[in-house]
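Inside the fold
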Amino acid sequence: SSGASDTTYFDFLAPGIIGLALLTFSTIGLASALARYREEGVLRRVRATPLPPWRFFSALVGSYVLLAVVQIVLLVIVATVLGADVSEGIFALALFALVGNLVFLNLGVVVAGLVQGRYAVEGAANAITFPMMFLSGSFFPTSTLPALVQWLVELLPLTHMLRAMRAVSLHGDSVWSQMPELAVLLAWVAVSALLARAMFRL
């Protein structure tokens with residue numbers, strides 16, 4: 001496996017870029033889509049049809065998950081072409097990326113449920129994603145942050161997603177060795193799903 005000493009900055013950055021792409025696409029993208037559907041009356045028309053709302057919602061979320069898989073594949077290919085070595089544990093990397101992506105999708109639903117108006121929703125989604133983008137270790141190790149901030153970023157899902165992705169892709173660690181990170185992500189999935197269900201109604 002790759003040692004830390006021969007890991008370049010671009011190797012470190014590549015998982016961060018994948019995480020950022022999924023965070024912005026899923027949270028901002030889904031929140032904006034739901035806000036647009038609400039404004040255009042799509043959700044109201046869905047309620048008036050025999051189609052169960054959960055089927056419409058499942059299809060919508062499923063399309064975002066499928067596009068997330070495509071994003072992961074394309075970004076890994078681009079990163080590899082540009083010289084990043086993220087080939088070790090590529091399937092484990094994708095696993096952690098997709099689990100984290102479920103959190104981001106749920107957060108998008110929560111925002112769309114809490115805020116009215118498409119532009120207000122986009123602003124709220126940006127307010128959530130931007131701090132996570134810069135504090136969770138996308139561009140630099142969280143160990144370089146002040147001690148108090150380091151404690152705070154441990155509460156963010158992207159922090160644990162990126163840590164696990166880097167461990168398996170850069171250092172060849174097993175999925176089992178990253179169970180603490182996976183446990184945090186799954187807890188975020190469960191809590192954010194409950195919030196999404198409570199906050200958003202078709």
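Residue numbers here run from 1 along each chain, matching the order of that chain's written sequence. Only residues with pLDDT of at least 70 get local features here, since the model is predicted, and only at 80 or more are side-chain atom pairs given and counted; chain-wide, interface and lining totals rely on the full set of residues. By convention in this description, side-chain values take in all heavy atoms of the structure and omit both hydrogens and water.

**Brief notes about the overall build of the chain**
From N to C terminus, the chain includes eight helices and zero strands. By definition, any uninterrupted DSSP run of H or I lasting at least four residues is a helix, any uninterrupted run of E lasting at least two residues is a strand, and each is numbered from the N terminus. In the chain, the order of α-helices and β-strands from amino to carboxyl end is α-α-α-α-α-α-α-α. Radius of gyration here is computed from C-alpha atoms only, and the compact-globule reference equals 2.2 Å multiplied by the residue count raised to the power 0.38. Against the compact-globule benchmark of 17 Å for 202 residues, the chain has a radius of gyration of 18 Å, which places it among compact chains. Each principal axis of the C-alpha atoms in the chain carries an extent, and together these give about 60 × 35 × 30 Å. Pairs of residues are marked as contacts when any of their non-hydrogen atoms sit within 4.5 Å. Long-range contacts, defined here as pairs at least 24 residues apart, represent 81% of the contacts in the chain between residues at least 6 apart.

**Quick notes on the side chain of H160**
Its place among the elements puts H160 in helix α7 (residues 157-170). A distance of 2.6 Å separates the side chain of H160 from the backbone oxygen of E154, its partner in a polar contact. Setting aside residues up to four positions removed in sequence, H160 forms contacts with E154, E181, V184 and L185. Nitrogen and oxygen atoms within 3.5 Å of one another constitute a polar contact, given that in protein one can donate a hydrogen and the other can accept it, and given that sequence-neighbouring residues count only through two side-chain atoms.

**Brief notes about the environment of L162**
Within the fold, L162 resides in helix α7. Considering only alpha carbons, one finds L162 and L93, 69 residues apart in sequence, at a separation of 9.1 Å.

**Examining the confidence of the model for the chain**
When pLDDT is averaged along the chain, the result is 89; 96% of the residues meet or exceed 70. Put simply, helix α2 (residues 42-47) is where the chain has its lowest mean pLDDT, 86, and helix α8 (residues 179-199) is where it has its highest, 95. The predictor reports its confidence for every residue as pLDDT, a score running from 0 up to 100.

**Notes on the packing of aromatic side chains**
Planes of paired rings set the category: under 30 degrees apart is stacked, over 60 is edge-to-face and the rest tilted, where pairs are Phe, Tyr or Trp rings (Trp by its six-membered ring) whose centres lie within 6.5 Å. Per the counting criterion, the structure on display carries five aromatic pairs. When the centroid spacing of 5.1 Å and the interplanar angle of 35° are considered together, the rings of F25 and Y64 count as tilted. Of this pair, F25 sits in helix α1 (residues 9-39) while Y64 sits in helix α3 (residues 53-81), and the two are 39 residues apart along the sequence. Measuring from ring centre to ring centre gives 5.7 Å for F134 and F139, while their planes differ by 35°; the resulting arrangement is tilted. Only protein chains enter the accessibility calculation, which uses a 1.4 Å probe; a residue is then buried when its area is under 20% of its type maximum, exposed when over 50%, and partly exposed in between. Looking at F139, the relative accessible area reads 25%, which means it is partly exposed. Here R166 stacks its cationic end above the ring of F12, 3.6 Å away from the centre of that ring. Placement of a charge over a ring requires the Lys NZ or Arg CZ to be within 6 Å of the ring centre, with the centre-to-atom vector within 35 degrees of the ring normal.

**Let's talk about a nonpolar patch on the surface**
A contiguous nonpolar patch, built from V69, V70, V73, L74, I77, V78, V81 and L82 and spanning about 710 Å² of accessible area, is present on the exposed surface. Here V73 shows up in helix α3. A patch consists of residues whose relative accessible area exceeds 30% and which take part in no salt bridge; residues with like charges are grouped when within 9 Å of each other, and nonpolar side chains (Val, Leu, Ile, Met, Phe, Trp, Tyr) when within 5 Å. With residues, only the protein chains shown are counted as cover, and all accessible areas are computed by Shrake-Rupley using a 1.4 Å probe. Here a salt bridge means any side-chain nitrogen of Lys or Arg lying within 4 Å of a carboxyl oxygen belonging to Asp or Glu.

**A word on α1**
Taking 1.5 Å per residue as the helical rise, α1 with its 31 residues ought to reach 45 Å, and the 44 Å between its terminal C-alpha atoms agrees with that figure. Positioned one or two residues after α1, G41 has a phi angle of 80°, which is positive. Multiplying one less than the number of residues by 1.5 Å gives the expected span of a helix.

**Some details on the environment of A167**
Residue placement: A167 occurs in helix α7. You can call A167 buried: its relative accessible area is 8%. C-alpha of A167 to C-alpha of Q178: the two residues are 11 residues apart in sequence and 7.8 Å apart in space. With sequence-adjacent residues up to four places away left out, A167 is seen in contact with G172, D173 and Q178.

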